[in-house]
Number of protein chains: 2
Amino acid sequence: MNSEPVIFLTNDDSYLSKGFRAAVALASEFGHVIAIAPDRVQSGMSQAITINSPLFMREVQRDDKVEIYAFSGTPVDCAKIAFDHIFRSRKVDLVLSGINHGSNAAVNVMYSGTMGAAIEGSFYGVPSIGLSLDDHDPDADFDGAVKYGREIIAKVLAAAEKLPRPLCLNVNVPRCEAKDIQGIRMCRQTRGFWREEFYARKDPHGRDYYWLTGAFQNMEPDAEDTDEWALSHRYVAVVPVQVDMTDYRMLSEMRDIIK
Amino acid sequence: MNSEPVIFLTNDDSYLSKGFRAAVALASEFGHVIAIAPDRVQSGMSQAITINSPLFMREVQRDDKVEIYAFSGTPVDCAKIAFDHIFRSRKVDLVLSGINHGSNAAVNVMYSGTMGAAIEGSFYGVPSIGLSLDDHDPDADFDGAVKYGREIIAKVLAAAEKLPRPLCLNVNVPRCEAKDIQGIRMCRQTRGFWREEFYARKDPHGRDYYWLTGAFQNMEPDAEDTDEWALSHRYVAVVPVQVDMTDYRMLSEMRDIIK
């Protein structure tokens, strides 16, 4: 690259999260950072978009290296306004979404606002990385995520010109000290789903309320090529993500039944 | 089936929409309907879940054939509370999500709350159908969607025992009179994405605001096996949907680069 790389940064925990601050510092090692991040927590917002209300943006920080804007939309709205309104023809070299407080391995890729934004960013032909740490603590230790995030960003930027598009990586880092991480593994998405337990109580006015909580059910805990296996064995799990959700195996079977 | 089938119904346009009412009537032709639907419009909510706030439910209608509850959560929250709290061990024979006002073909499957709920429902081992009409009009004509929805529901229920799980169908119906629909086609998801134009104005207080609007870019308009092609040629498009988003072609290529 001749000019300084431009990195677009977003997340779903808002521009106020510790993981976001870690990502700003990490991304600015590689070039000029333009961040548009939610102005409040947008965890679990998936690929959601805001159709029925106007959105507002305000500048939070602006200096030679870093521009940060807080946006009232979802993570995907942040990516959309970045590419379709702010950047337009300006060249962007990398999308980084995170660093998320909490794993986005397995089917979490579908619920995650962090991955929603990373996927959306990849639609614009820019290599995109969703970076998540398997720790929901607001004060989590991001040293391992920064260390391995740095290695992966460097490799993706170096190989960017020869890599096909769209390119989106779901990177999940185990919760342990950086020195205890065993390395990086390319993985496939683990099969599994969440089973919820609704915390059901009465509010101060006597109305029933429900609060979502649950546990991930891993359908293949012993499969060594999956992202959950890698995380639980202290590897950084990297899954390349694509968005064709067609179930090709079912296509011919259903053809016999439907018509 | 020995006892009357139970159909779980939800959507993303809320229990007040015309499409939902059409779905209640359609589903009740097949058995007992239990509907838990959003209490307000939740279009574009994708696979979003509500993590950080309590949720409220209220009964809207209850008679021998139909129970309807309005829920304050997202479409996926509706499916989760249905299966993990309301039904639990009760047998459910079909999930129906819709009838949506607007197409969920192509990449819309990812943004759609209707499809989010249909996908979530399929995780519980129940055949699941997301049914959408390619017409956003609140007063749209659902005759064609009801006619072909009826045919597809009947075929899925009849074949349910021998069909593999999870089973989720994304059914999109063209906007035309029912008599002009050419039939049903099993399809794959069209490649393409949205390009947005943000409607940018000033609010009454002088602040800039942005409002999302855009157009779908079809990357393969001539591919006759795609859902967009089917819709534009007045066929009902049926895509079987799965949730492994791993890009298997990229897996080995990235292995050379990342490690």
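Computed from a prediction, not measured in an experiment: that's the story for all the values here.

**Some points on helix α2 (residues 75-87) of chain B**
Residues and elements named next belong to chain B. When the local axis directions of α2 are compared, the greatest deviation, roughly 30°, occurs at I81. Inspection of α2 places P75, V76, D77, C78, A79, K80, I81, A82 and F83 among the buried residues, and these make up the whole buried set. Immediately downstream of α2, the backbone of R88 shows phi near 45°, a positive value.

**Quick look at the sheet that holds strand β1 (residues 6-10) of chain A**
Residue and element names in this part refer to chain A. Here we have nine strands laid out as an open sheet, ordered β3-β4-β2-β1-β5-β6-β7-β11-β8, and mixed in their pairing. Pairing within the sheet leaves two strands with one partner each, and these edge strands are β3 (57-62) and β8 (184-186). Taken pair by pair, the neighbouring strands of this sheet meet at an average axis angle of 20°, ignoring direction. Sheet topology places strand β2 (residues 32-38) next to strand β4 (residues 66-71); six bridges connect them, and they run parallel. The partner of I34 across the bridge, within β4, is E67. Where helix α5 (residues 143-159) meets the sheet, its contacts fall on β5 (94-101), β6 (128-133), β7 (168-173), β8 and β11 (236-240), and the angle it forms with β6 comes to roughly 165°.

**Points about the relation of the copies chain A and chain B**
Between chain A and chain B, the superposition needs a rotation of 180° and an axial shift of 0.0 Å, giving an RMSD of 0.0 Å. The superposition of one copy onto the other is thereby described by a two-fold rotation axis. A high fraction, 100%, of the interface residues of chain A reappear at the interface in chain B, so the copies pair face to face through one surface.

**Focus on the confidence of the model for chain A**
On average, residues of chain A carry a pLDDT of 96, and 99% of them reach 70 or more. For this predicted complex, the interface score ipTM comes out at 0.94, while the overall pTM is 0.96.

**Details of the nonpolar core**
Core analysis: the largest hydrophobic core is formed by 164 residues, its most contacted members being A:V238 and B:V238. Ignoring any residue separated from it by four or fewer positions in sequence, one finds A:V238 in contact with A:I152, A:L169, A:V171, A:I184, A:R185, A:M186, A:C187, B:M254 and B:I258.

**Quick notes on unusual backbone geometry**
Cis geometry marks the peptide bond from A:R165 to A:P166, where omega comes out at -5°. With respect to the secondary-structure elements, A:P166 resides in the loop between α5 and β7. Note the cis peptide between B:G98 and B:I99, where omega equals -5°. Its place among the elements puts B:I99 in strand β5 (residues 94-101). Located in the positive-phi region is B:S14, a residue other than glycine, with phi close to 85°. Mapped onto the elements of the fold, B:S14 is located in the loop between β1 (6-10) and α1 (18-28). Exposure remark for B:S14: the 18 C-beta atoms within 10 Å place this residue in the partly exposed category.

Conventions adopted
Residues numbered from 1 in each chain as written. Chains lettered and ligands numbered in written order. Predicted model: local features only at pLDDT ≥ 70, side-chain atom pairs only at ≥ 80, totals over all residues. Bend = angle between axes of the 7 residues up to and from the residue. Helix = DSSP H or I, 4+ residues; strand = E, 2+ residues; numbered from the N terminus. Buried ≥ 20, exposed ≤ 12 C-beta atoms within 10 Å, placed from the backbone. Pairing = 2+ DSSP bridges. Axes fitted to C-alpha atoms, helices over the stretch in contact; angles between N-to-C directions. Contact = placed C-beta atoms within 7 Å. Least-squares fit on C-alpha atoms with pLDDT ≥ 70 in both. pLDDT = per-residue confidence, 0-100. Core = buried A, V, L, I, M, F, W, Y, C linked by C-beta atoms within 7 Å.

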